[in-house]
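# A structural walkthrough
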Amino acid sequence: MNKYVERIYNGVVKENPTFILMLGMCPTLAVSTAAINGIGMGISTTAVLILSNVIISALRKIIPDEVRLPAYIVIVATLVTITELLIEAYLPSLYEALGIYIPLIVVNCIILGRAEAYANKNTVPLAAFDGIGMGIGFTLALTVVGLLRELIGAGTAFGFQVIPKSVEPIGIFIKAPGAFLVLAIVIAVLNALHIENRSNELVNGSCDGCCAKCAKSKANCKEEGAK
Amino acid sequence: MNSLILIIVSCALINNVVLNQFLGICSFVGVSQQMKASASLGGAVIFVLTIASAVASLLYDFVLKPFGLDYMKTIVFILVIAALVQIVEMFLKKTSPGIYKALGIYLPLITTNCAVLGVALTNVKDEYNFIESVFAGFGTAVGYTIAIVLLAGIRARINESDIPKPFRGAPVVLLSAALMSIAFMGFGGLSV
């Protein structure tokens, strides 16, 4: 397989950031109240991820190793600020719906995780395709979770009434508990189908709940844990 | 005074940072396997979040706002929080080894905990003044501590139960969080 296509396949299927790597859980849970919010968040994150991967990959020989994390954070925070201003200007309704979770893209584990695990070791085009793959994977996952919650919780899909109004929707699914509920069931289904995922690392704190140190990818955490 | 108590109740219970706003999920589910670790992390979060809210509020009111640099807040806050945690860590190490020993290993964990940045940004969005920001930070951290300690207690019980195989590990923890979240929705009835 072409190595660029392989990157996309890797991001969408093999190492799907949400379902397999279990990265970026906060936005996944928070904005998946409707499919359209999931798409909006997914695309915003994808834009930041592709650009940050490209910039970090391009600067990988210039940024000294000791200060790479602060440097990455500045790059990512700048990109997020630009994205936030663009969304506020051109998509005010999405800006309202996503609210504080747009600036919080800065601390999304996926972005710093990919920078550490991939972009700072690979060429610019490969890093760009890695960003595209991971971004699409994240967007699809958010959309799926959002669609499930919207269907069960409001009886609609992308805002259109799908389930007849006579059927009472289960409102709890679009409220906060529904997020935990749907994610729990999705992971249980993955487990039942024997699809290998890192959900156990997420709850067993084998890398101290990685998000906290999320500058490192799960893979790097594992290496460090072995040391 | 009354409004400050209301801010604490609202931040700690009604809009619980983990169960309602989904900030700090990773450390919430990652560290909650042990009660002692959860309580220590909670203590560290209370400490850092209160200081971080104070510093972020001062910076916003006296630097960013007067100079019209409002749009720089995300960049400034994340860098200041990262630096602040380092300073707090060094300060504690020097001055109070006791506290450092109890909280030390959890301090670096908090740097990129999205709850810290989330609270700083929420305070700005809600136009809280300095005192209100400090109380909001403190209340949010108390809410985080309540949630993680409760989940640690539940997980201690879960470990001894017979869970269906696909639900072992993450799913049952998330289900517990869902039930806790439903319980916390009850606080929404408090008319604040």
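Up top is the structure.
Residues numbered from 1 in each chain as written. Chains lettered and ligands numbered in written order. Predicted model: local features only at pLDDT ≥ 70, side-chain atom pairs only at ≥ 80, totals over all residues.

## Examining the overall build of chain B
We count it as follows: Note on conventions: DSSP H or I runs of at least 4 residues are helices, E runs of at least 2 residues are strands, and numbering of each starts at the N terminus. Put simply, the radius of gyration uses C-alpha atoms, and a globule should come to 2.2 Å times the residue count raised to 0.38. Put simply, a residue is buried when 20 or more other C-beta atoms lie within 10 Å of its own C-beta and exposed when 12 or fewer do; between those, it is partly exposed, and each C-beta is set from the backbone.
Check the secondary structure of chain B and you find nine helices and zero strands. Helices (α) and strands (β) of chain B occur, in sequence order from the N terminus, as α-α-α-α-α-α-α-α-α. Relative to the 2.2 N^0.38 estimate, which gives 16 Å for 192 residues, the radius of gyration of chain B is 17 Å and therefore close to what a compact globule would have. By residue count, 49% of the 192 residues in chain B fall in the buried class.

## Observations concerning the overall build of chain A
Condition: By the criterion used throughout, residues are in contact when their C-beta atoms, derived from the backbone, lie within 7 Å.
A tally of regular secondary structure across chain A gives 10 helices and two strands. Residue pairs in contact within chain A that sit at least 24 positions apart in sequence constitute 73% of those at least 6 positions apart.

## Comments concerning helix α6 (residues 109-117) of chain A
The buried fraction of α6 of chain A is high, at eight of nine residues. For α6 of chain A, the complete set of buried residues consists of C109, I110, I111, L112, G113, R114, A115 and E116 of chain A.

## Overview of the interface of chain A and chain B
Stated precisely, the cut-off is as follows: Here the term charged refers only to Asp, Glu, Lys and Arg, the term nonpolar to Ala, Val, Leu, Ile, Met, Phe, Trp, Tyr, Cys and Pro, and the term polar to all other amino acids, Gly among them.
Facing 42 residues of chain A, the contacting portion of chain B comprises 42 residues. If you list the elements that add at least two residues to the side of chain A that touches chain B, you get α2 (25-31), α4 (68-90), α8 (176-192) and α9 (199-204) of chain A. Top contributing element to the side of chain A that touches chain B by residue count: α8 of chain A, with 11 residues. When its residues are assigned to classes, the side of chain A that touches chain B shows 31 nonpolar, eight polar and three charged.

## Description of unusual backbone geometry
Generally, phi is negative for residues other than glycine and the peptide bonds are trans, each holding for most cases. Residues and elements named next belong to chain B. Of note in this structure, F22 is not a glycine but carries a positive phi near 60 degrees. On the secondary structure map, F22 appears in the loop between α1 (2-14) and α2 (25-31). Positive phi, normally seen in glycine, also occurs at E127, with a value near 55 degrees. Look at E127 and you get exposed, because 8 C-beta atoms sit within 10 Å.

## Things to note about the packing of α4 of chain A against helix α4 (residues 73-95) of chain B
The line we're drawing: Note on geometry: axes are lines fitted to C-alpha atoms, helical ones only across the stretch in contact, with angles between N-to-C directions running from 0 to 180 degrees. Each angle is binned into one of four classes, with values under 35 degrees roughly parallel, values over 145 roughly antiparallel, values of 65 to 115 roughly perpendicular, and all other values oblique. Handedness of a helix crossing follows the sense of rotation of the near helix relative to the far helix, less than a right angle counterclockwise being left-handed and clockwise being right-handed.
Remark: α4 of chain A packs on α4 of chain B, axes separated minimally by 9 Å, with the N-to-C direction vectors making an angle of 150 degrees. It follows that α4 of chain A is roughly antiparallel to α4 of chain B by the angle criterion. In this structure, α4 of chain A crosses over α4 of chain B, and the sense of that crossing is right-handed. Residues I73, V74, A77, T78, V80 and T81 of chain A of α4 of chain A pack against T74, I75, I78, L79 and A82 of chain B of α4 of chain B. For the contact of α4 of chain A with α4 of chain B, the per-class residue count stands at eight nonpolar, three polar and no charged.

## Let's talk about the environment of Y60 of chain B
Residue and element names in this part refer to chain B. Looking at the secondary structure, you find Y60 in helix α3 (residues 35-64). Classification of Y60 as buried rests on a count of 23 C-beta atoms within 10 Å. Taking the C-alpha atoms as reference points, Y60 and F77, separated by 17 residues in sequence, lie 9.0 Å from one another. The residues touching Y60, leaving out its near neighbours within four places in the chain, are K65, K73 and V124.

## Considering the nonpolar core
The tendency in soluble globular proteins is for nonpolar side chains to be buried as a group. We count it as follows: In this description, a nonpolar core means buried residues of the types Ala, Val, Leu, Ile, Met, Phe, Trp, Tyr and Cys, linked to one another by C-beta atoms lying within 7 Å.
Ranked by size, the top nonpolar core spans 118 residues in total, and within it V76 and L183 of chain A together with V48, V116 and L117 of chain B carry the most contacts. If one sorts the elements of this core by residue count, helix α8 (residues 130-158) of chain B sits on top with 11 residues.

## Digging into the environment of G171 of chain A
Residue and element names in this part refer to chain A. Among the secondary structure elements, G171 is positioned in the loop between β2 (160-161) and α8. Among the residues examined, G171 registers 11 C-beta atoms within 10 Å and is labelled exposed. Along the sequence, G171 and R149 sit 22 residues apart, while their C-alpha atoms lie 9.3 Å from each other.

## Concerning the packing of helix α3 (residues 35-58) of chain A against α4 of chain A
Residues and elements named next belong to chain A. Across the interface, α3 lies against α4 with an axial gap of 10 Å and an inter-helix angle of 145 degrees. Relative to α4, the crossing made by α3 is right-handed. Note on element contacts: α4 touches α3 through Y72, I75, V76, L79, V80, T83 and I87, opposite S44, A47, V48, L51, S52, I55 and I56. Grouping the amino acids of the contact of α3 with α4 by side-chain chemistry returns 11 nonpolar, three polar and no charged.

Nothing here speaks to function; it is geometry throughout.
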